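Each chain is listed here by its residues.
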Amino acid sequence: MDGSLTVFILSTVIKIAVVVGVLLGIVAYTVLAERKICAAIQDRVGPNRVGLPFLKGRFWGLGQPIADAFKLMLKEQFVPGVVKKFYYTLAPFFVIIPPLVIIGLVPFASIDPVTISSLKIVVPQPGVIINAGAGVLWAFAISSLSVYGIVLAGWASNSKYAFLGGIRSTAQMISYEVALGFSVIPVFLLTGSLNFSDIVKFQIEHGWLVIPFFAQHLDWKLFAMWPFLFISFLIFLVALFAETNRAPFDLPESEQELVAGYNTEYGGMKFGMFFLGEYAAMVAASALIITLFFGGWSLPFGLLTKGVGIGGLLIQALVFLLKILVFLFLFIWIRWTLPRFRYDQLMNLGWKIFLPLSMVNIGCVAVLLALFKTL
């Protein structure tokens, strides 16, 4: 086998292992963080009894995710006799796999080749697993598959409560996918690319789309379009809350109205996979927001963007991770602050406000770009 091909395969396998491992770790401890943050908001303690096995003391309940994982894996996998077993088993995988694939498309560090001098190896595209030319389209196409998991779960359970939850979720996710897709078209018009790495490079050179003064050279054109880009960001952010079924758009669950929604008939690890999928979707959504609007892995003013070694790549990946944690906190904070929307309010917001507003926003950005070309 050719040496460069061997390096490419090995580096890809290592990146997949590291990214999936880090992602699952973030997902597990985001659950704990949510429980601790909501406890603080509600003036109570939260999980604090389970410590880590290799440390003395309870350490604020840091072992709780490990205990929860063992509980779900060891719990009896009860399957009701009336379900459609093949689709019933398949549904949780449709929920958890799309976020994992999306993370593989998003660059977490620079994609410029890096040489490991001690081993005399050149690592191609170290900061991304799949550098797809139309990565944004792939990400949106894959994210839309998660709705199948919820629909299949509701239908295959053969329960009217689960079925109602699946139908409500289908209508909600399809409604907000339209506004979600339209909201990012101004980003593509401005950057001229559907590649995530190219969008990050544009922001390094011209400024982050939501914070345009974090740039090597201030771009007055970007400042002129900032209000429209900020509208795109707000629509994109709110639509992602609806896409990930997070409060105030968590109507597919609606425990008070639907028992537990589409996952009513699930138990054990299958039940856990739905919630792992929800938190993995939060991580993927945060990564998309950061990459499209907040400069991706880049630091302000173009720091650590060129000629970096392994150490620089690790710093870039750490910056990307810290940005993700900030938006995860935002997801959690909003869930425990705002009340749930009514279903008619949810649909009115998506179809009567966000959809026309995003279309007008596209037109304004297109007109401005045409004017700039004539100047």
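In this text, all values refer to a predicted model and were calculated from it rather than measured experimentally.

Student: So, helix α11 (residues 268-293): which residues are in play, and what are the values?
Tutor: Between its terminal C-alpha atoms α11 stretches 38 Å, which fits the 38 Å expected from 26 residues at 1.5 Å a residue. A positive backbone phi angle near 75 degrees is found at G295, which sits one or two residues after α11.

Student: For a nonpolar patch on the surface, give the residues involved together with the corresponding values.
Tutor: Residues Y29, I66, F70, M73 and L74 make up a contiguous nonpolar surface patch of roughly 530 Å² in combined accessible area. Sort the elements by how many residues they give to the nonpolar patch and helix α2 (residues 64-74) lands first, with four residues. Topologically, L74 is positioned in helix α2.

Student: Please provide a residue-by-residue account of unusual backbone geometry, values included.
Tutor: The linkage connecting A247 with the following residue, P248, adopts the cis geometry, with an omega of 10 degrees. Along the chain, P248 turns up in the loop between α9 (220-243) and α10 (255-258). Unusually for a residue other than glycine, D43 sits at a positive phi of about 60 degrees. With respect to the secondary-structure elements, D43 resides in the loop between α1 (3-41) and α2. Since its relative accessible area comes to 72%, D43 is described here as exposed. Located in the positive-phi region is N158, a residue other than glycine, with phi close to 60 degrees. Tracing the backbone shows N158 in the loop between α5 (146-156) and α6 (160-183).

Student: Residue-level account of the packing of α9 against helix α13 (residues 343-374), with values.
Tutor: Here α9 crosses α13 at 160 degrees, and the two axes come no closer than 10 Å. Here α9 lies roughly antiparallel to α13, going by the angle between them. Where α9 crosses over α13, the two elements pack in a sense that is left-handed. Residues W220, K221, A224, M225, F228, I231, S232, I235 and V238 of α9 form the contact with α13, whose participating residues are L349, F354, L357, S358, N361, C364, V365, L368, L369 and F372. Each residue belonging to the contact of α9 with α13 can be placed in one class, and the counts come to 15 nonpolar, three polar and one charged.

Student: Break down the packing of aromatic side chains for me, citing the residues and quoting the values.
Tutor: Tallying each qualifying case throughout the model produces 20 aromatic pairs. With a centroid separation of 5.4 Å and 65 degrees between ring planes, the pair formed by Y262 and F274 is classed as edge-to-face. Of this pair, Y262 sits in the loop between α10 and α11 while F274 sits in helix α11, and the two are twelve residues apart along the sequence. Here Y262 and F274 have matching classes, each one buried. Members of the aromatic cluster, joined through ring pairs, are F140, W226, F230, F233, F236, F293, F294 and F327. Directly above the aromatic system of W155 lies the positively charged group of K84, at a separation of 4.8 Å from the ring centroid. Its end group placed over the ring of W208, K323 keeps NZ or CZ at 4.0 Å from the ring centre.

Basis of the calculations
- Residues numbered from 1 in each chain as written.
- Predicted model: local features only at pLDDT ≥ 70, side-chain atom pairs only at ≥ 80, totals over all residues.
- Heavy atoms only, no water.
- Helix = DSSP H or I, 4+ residues; strand = E, 2+ residues; numbered from the N terminus.
- Expected span 1.5 Å × (residues − 1).
- Patch = residues over 30% accessible without salt bridge, like charges linked within 9 Å, V, L, I, M, F, W, Y side chains within 5 Å.
- Areas by Shrake-Rupley, 256 points an atom, 1.4 Å probe, with all protein chains shown as cover.
- Salt bridge = Lys/Arg side-chain N within 4 Å of Asp/Glu carboxyl O.
- Buried < 20%, exposed > 50% of the residue type's maximum accessible area, 1.4 Å probe, protein only.
- Axes fitted to C-alpha atoms, helices over the stretch in contact; angles between N-to-C directions.
- Parallel < 35°, antiparallel > 145°, perpendicular 65-115°, else oblique.
- Left-handed = near helix turned anticlockwise from the far one by under 90°.
- Contact = heavy atoms within 4.5 Å.
- Nonpolar A, V, L, I, M, F, W, Y, C, P; charged D, E, K, R; others polar.
- Phe/Tyr/Trp six-rings, centres within 6.5 Å; stacked < 30°, edge-to-face > 60°.
- Lys NZ or Arg CZ within 6 Å of the ring centre and 35° of its normal.

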